[in-house]
Amino acid sequence: MASYLVLTSPGALKSDDKARFIADKFSWIAFVLPAFWLLYRRQWIAGITVAILQGFIAFATPEPSAAGLLIELALRLLVALEGPAFVANRLQARGWTLQSIITAGDLATAETIYDHAAATDDASESEAIWQPPVLPTAVAKPADGRAAVGLFENYGER
């Protein structure tokens, strides 16, 4: 099962037909050809940086070594695992809105789930007037008074 990030263009409704589904999963093409995959996805700075790093690794370790192999493997894994997040962040920086995160086995199932949820939301929104959410006025702190900091971002799954 993969998670699909659903983004809509600036100003579009949630039920927009041109919503973009980005599979947040491991990409084999990005693992095999990381720099080319990033450049194909229009991640210019990251793609050029990865190409330079790969060239530097090849230059610094002319003889096959475990260190060079591990560094190259780590770079490829980073791009293969985080590449879809780079694409989603670029779209959000251009004004696209993250509408939903759907866990599904394939893209067709994710689209069906999203379309059904969007149709249900549109029907309920037309009947009710939207009210802004109530935000808490104080931030909860642990018992010892120190603020807690998390290591990873979450998309509101708590």
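(A) Quick peek at the packing of helix H3 (residues 44-60) against helix H4 (residues 66-93). Axis separation between H3 and H4 bottoms out at 10 Å; the angle between their running directions is 170 degrees. The pairing of H3 with H4 is recorded here as roughly antiparallel in orientation. Every pair of crossing elements has a handedness; the one defined by H3 and H4 is left-handed. Here H3 contributes Val50, Leu53, Gln54 and Ile57 to the contact with H4, which in turn contributes Gly68, Ile71, Glu72, Leu75, Arg76 and Val79.

(B) Inspection of the nonpolar core at higher detail. Among the nonpolar cores identified, the biggest contains 17 residues, and Leu7, Ile22, Trp37, Val50, Val79 and Leu91 are the most heavily contacted of them. The set of elements that each furnish at least two residues to this core consists of strand S1 (2-8), helix H1 (28-32), helix H2 (34-40), H3 and H4. At six residues, the largest contribution of residues to this core is made by H4. Setting aside chain neighbours within four positions, we find Val50 in contact with Pro34, Ala35, Leu38, Leu75 and Val79. The next biggest cluster of nonpolar side chains, apart from the first, holds ten residues, and it includes Ala19, Ile102, Ala104 and Ala118.

Rules of the game
Sequence order sets the numbering: in each chain, residues are counted from 1 along the sequence as written. Restriction of local features to residues with pLDDT of at least 70 applies here, the model being predicted, together with a cutoff of 80 or more for giving and counting side-chain atom pairs; totals for whole chains, interfaces and linings are based on all residues. Only heavy atoms go into the side-chain values, all of them from the structure, while hydrogens and water stay out. Fitting a line to C-alpha atoms yields each axis, with helices limited to the stretch in contact; the angle taken between N-to-C directions then spans 0 to 180 degrees. Numbering of helices and strands starts at the N terminus; helices are DSSP runs of H or I of at least 4 residues and strands are runs of E of at least 2. If an angle is under 35 degrees, it is roughly parallel; if it is over 145, roughly antiparallel; if it lies from 65 to 115, roughly perpendicular; otherwise it is oblique. If you view the pair so one helix is near and one far, a crossing is left-handed when the near helix is turned anticlockwise from the far one by less than a right angle, and right-handed when it is turned clockwise. Note on contacts: a residue pair is in contact if any heavy atoms of the two residues lie within 4.5 Å. In these notes, a set of buried Ala, Val, Leu, Ile, Met, Phe, Trp, Tyr and Cys residues joined through side-chain atoms within 4.5 Å is what counts as a nonpolar core. Working definition: with a 1.4 Å probe on protein chains only, accessible area under 20% of the residue-type maximum means buried, over 50% means exposed, and in between means partly exposed.

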